[in-house]
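# Notes for the structure review
Residues per chain are reported as follows:
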Amino acid sequence: MYDVVIIGAGITGCAVARFLSAYSGKFCVMEKSEDVCTGTSKANSAIIHAGFDAAHGSLMAKYNLLGNLMYPDLAKELDFAYINNGSLVLALSEEDIPKLEALKENGEKNGVEGLEIVDRVRLKSLEPSVGHVPVAALYAPTAGIVCPFGATVAFAENAYTNGVEFHFDTEVKGLTPAKDEEGNSCWVVQTAQGSVRTRAVVNAAGVYSDIIHNMVSENKIHIIPRKGDYLLLDRKTGGYVKHTVFQVPGKYGKGVLVSPTVHGNTIVGPTAEDIDDKEGNDTTSEGFDDLMEKAGLAFDDLPLRDVITSFAGLRAHEAKHDFILGEVSDAPGFFDCAGIESPGLTAAPAIGKEIAGELAKALNLAENPDFVGTRKGLPDPKSLPLEELAKLIQEKPEYGRIVCRCEQVSEGEILDAIRRPLGARSLDGVKRRVRAGMGRCQSGFCSPRIMDILAEEWDVDVADITKSGGHSELIVGFVKDRV
Amino acid sequence: MERTEYNLIIIGGGPAGLSAAVAAYDEGERSILVLERDTRLGGILNQCIHNGFGLHTFQEELTGPEYAQRYIDKLEERNIEYKLDAMVMSLESGKDGMKEIMAVSEKDGLMLLSARAVILTMGCRERSRGALNIPGFRPAGVFSAGTAQRLVNIEGYLPGRRVVILGSGDIGLIMARRMTLEGAKVLVCAELMPYSGGLKRNIVQCLDDFGIPLKLSHTVVRIEGKERVEGVVIAEVGPDRKPIPGTEEHYDCDTLLLSVGLLPENELTIGLGADMSRVTNGPVVNESLETSVPGVFAAGNVLHVHDLVDYVSEESAHAGVCAARYIRDYGGEAKEEVKRIPIEFGGGIRYTVPCSIDPGKVEKYLKIRFRVGDVMSSRKVVVYLDGKSVLTKKRRVMAPGEMEELVLTEKLLKAHPDLSRIEIKVEEDA
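Residues numbered from 1 in each chain as written. Chains lettered and ligands numbered in written order. Predicted model: local features only at pLDDT ≥ 70, side-chain atom pairs only at ≥ 80, totals over all residues.

## Description of the overall build of chain B
The number of helices and strands found in chain B is nine helices and 28 strands. Here the C-alpha radius of gyration of chain B, 23 Å, is about what a compact globule of 430 residues would show, namely 22 Å. Each of the three principal axes of chain B carries a C-alpha extent, and together these read 65 × 60 × 40 Å. Counting every position in chain B, which comprises 430 residues, the buried fraction comes to 52%. Taking contacts inside chain B between residues at least 6 apart in sequence as the whole, the part at least 24 apart equals 65%. (Helix = DSSP H or I, 4+ residues; strand = E, 2+ residues; numbered from the N terminus. Rg over C-alpha atoms; globule rule 2.2 N^0.38 Å. Buried ≥ 20, exposed ≤ 12 C-beta atoms within 10 Å, placed from the backbone. Contact = placed C-beta atoms within 7 Å.)

## Structural notes on the environment of G194(A)
Here G194(A) shows up in strand β12 (residues 194–203). On the basis of neighbour count, G194(A) is assigned to the exposed category, with 8 C-beta atoms found within 10 Å.

## Observations regarding the interface of chain B and chain A
Each side of the interface is counted separately: chain B has 43 residues, and chain A has 45 residues. Those elements that provide at least two residues to the side of chain B that touches chain A are β6 (87–93), β7 (99–105), β8 (109–120), β9 (124–126), α3 (129–132), α4 (145–155) and β11 (157–158) of chain B. In terms of residue count, the dominant contributor to the side of chain B that touches chain A is α4(B) (six residues). When the residues that make up the side of chain B that touches chain A are grouped by side-chain class, the tally is 16 nonpolar, 12 polar and 15 charged. Two strands pair when backbone bridges link them, and strand β23 (residues 477–478) of chain A and β11(B) are joined in this way by two bridges, in the antiparallel orientation. When the sheet's bridge partners are listed, G477(A) is paired in β11(B) with L158(B). (Nonpolar A, V, L, I, M, F, W, Y, C, P; charged D, E, K, R; others polar. Pairing = 2+ DSSP bridges.)

## Let's talk about the nonpolar core
I414(A), L8(B), I9(B), A21(B), L256(B), F297(B) and A323(B) are the most contacted members of the largest nonpolar core, which has 160 residues in total. Looking at this core, the element that brings in the most residues is helix α8 (residues 309–330) of chain B, giving 10 residues. Excluding anything up to four places from it in sequence, F297(B) contacts A117(B), I119(B), L120(B), S288(B), L289(B), E290(B), T291(B), A319(B), C322(B) and A323(B). Counting residues in each nonpolar core, the second largest holds 129 residues, with Y82(A), Y208(A), A338(A) and A347(A) among its members. (Core = buried A, V, L, I, M, F, W, Y, C linked by C-beta atoms within 7 Å.)

## Concerning the sheet that holds strand β16 (residues 231–236) of chain B
Residue and element names in this part refer to chain B. With antiparallel pairing, the three strands of this open sheet are ordered in space as β15-β16-β17. Bordering the open sheet on either side are β15 (218–224) and β17 (249–252), each of which pairs with just one other strand. In this sheet, adjacent strand axes meet at a mean angle of 30 degrees when their direction is disregarded. (Axes fitted to C-alpha atoms, helices over the stretch in contact; angles between N-to-C directions.)

## A few points about the domain arrangement of chain A
Here chain A is partitioned into domain 1 (85–142 + 224–315) and domain 2 (381–464). Here the C-alpha centroids of domain 1 of chain A and domain 2 of chain A sit 32 Å apart. (Domains from an automatic or database assignment.)

Encoded structure:
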């Protein structure tokens, strides 16, 4: 019998797991994919929003602000990449300025500090790359950027180290209320691998959270996958923008943003298209055209010829456009974290802390006396002073063998990514942890070597190594195998 | 930490680096180090197991590894020092004209090196799917042709059984044949442009001989399959290179190979601050193949992408000779002001290598290499010195896929002592 089963190993599920691991109990995370951070959490703007945008009084507004305040400390405690770079919302014409004022007012009501409307002159000094169109901007100094993979992996590893189990390739097929031996209410969680019993369930299933919710509640919800295409530019564009630059929101969300990433790339996106397919993360040429056109309003000379990859993410949009959080009234012991779309990445730690607290209260969980709230991330040799790097390579020569030349990632780092708790099992798993294959050649040079390393480390046939789990095998066999 | 000093460091031990090292040695330079990031010398030739290399250099048809071995033997005979598995992390200008290099390797650890002269021979990489903005899903089974070539020829892995190829660059054409010989079915080769970017002989020997259709003015408009490629949709494109609605054709396949262009790998060059060409994506060089940073030379595919390795070897040998002379004449010290005449060009020429000439530096002759931007027929290439036509070369057909060359002799340049203008033009040949 588990105390809590968390469904979904995205940023929300992993944040709940991490804060829950501060309490004593038997907890597990069930994830239908092969790794953490494979859905909405892996394909988004990677922004820590200041919190001026969400409607005052909404859960989005509340948890956005709380999450924003938590990130700087969490990034230190759990050792993931976060930069407080500030954001700008551009007014593209004089008529937009009242909208900036409305945003500022809303933000101040939400409790966002330091908001300021800046004129074009000040805007140009803050963000010199801005083009000729924008006339003014709302400056939010508390906004930031984060590595969403790094943050999710950090929450997951820390939860795991504090005793939370993780079950991958484990899709939840059914949830039914039951009674335990003592007659107390519990849930039976059915998966392809069998059933388990648990006192409580957390629904952090992203775009699937309606399916999970509707298994147990008569108050149905409907999550619409809202697709957003993105373009990612080469690291050589690093420094083109300093702030996260939005445009005044229109009816489809926050519009197109241009932002630096914590690794020095530039990201442009997202589009917004409501679709039916919960796995429909295919990009479209219309989407690319749309992004380029809209980004062109903010910048005259955005280096779009330096695109190295494009991708699409699915936001878990709920019709009422607010988070659905907490215990479901007609399903005691079932806790929703549904409708987690933007600013979900920002809100995740605050949601995690809140839900973990609610669970602890409902289940009467004691504090975990062995809880360790800090975690050391993967060592990054590139950040070491020369003498220390020399010493590291002398002691562990594998850090001197560069496998990914574009991002300068060594074999030692790739082995780390695989050997960590909840280590990488696929090419994408390695990429998300240590950036091998994330660069301008997009794994053209390094993938054959990483496939071999994965096969050696997991002791499997290289033909079974996948790009991203499931049936995404990279090769179909061996040459001359039909001879 | 102490720096180890060499006169000449060559970054990259592929065909360009090997040839440059040998030529520098033969010019008299003895303090040479070649840094190679792979586990063996020879670069990309090691995975090019087909033949056709060396017809110009050795008057023989060699395979890629055989061609490389000829140069590796020359390197070994001369006892030129090299390090394998050695990745250069940074290249900077140091004090007194010295160039400072930080490199790492498993065997030698972190290495701090300095050199009077450096030759950049890092080669090129393939354009990826992302750089093309091909829409659709992102499943496994989309490979650049060179990655597939490595998987098949070096690792012995079969990347797929039903293959669509986008782009008719030479590696794509070679892989169409290779995949067919390994038992895969290559369904089609689609090319965005109305002409192929590959060599004519490769189209005949790798596509025509195996009945693989080449569809010019076509591109991939959609990749299907969420885990592994399940299908690819190609469509015809109009003169604006945009897909024409209604021309879509679906192919059931498990693999898409991309052979859509090569990009010189100039991260170190850009980091050094050398002037770059937006056309070639390589550094701007003078007649000595020297970049805008004195004492730093470049040759081979890092400078501009070549069609044939023979020309890479030839060009790199020139860089090796020039680097050795630079060390001998200047010892790494800053040079006196030199005469630099830019090469002007027109009539459809996209770029020239070199970009400028100091006539006093030309010994015997200088080869100028260039490409045109479109397919053209019945042309002549004319060289004007100070406005006077001095050289004409007739060309029946010119194409972007075939590199052109011209030879300017020392004698011709000497005949114009006050030379101030050099122009190369492609003109109609009536």
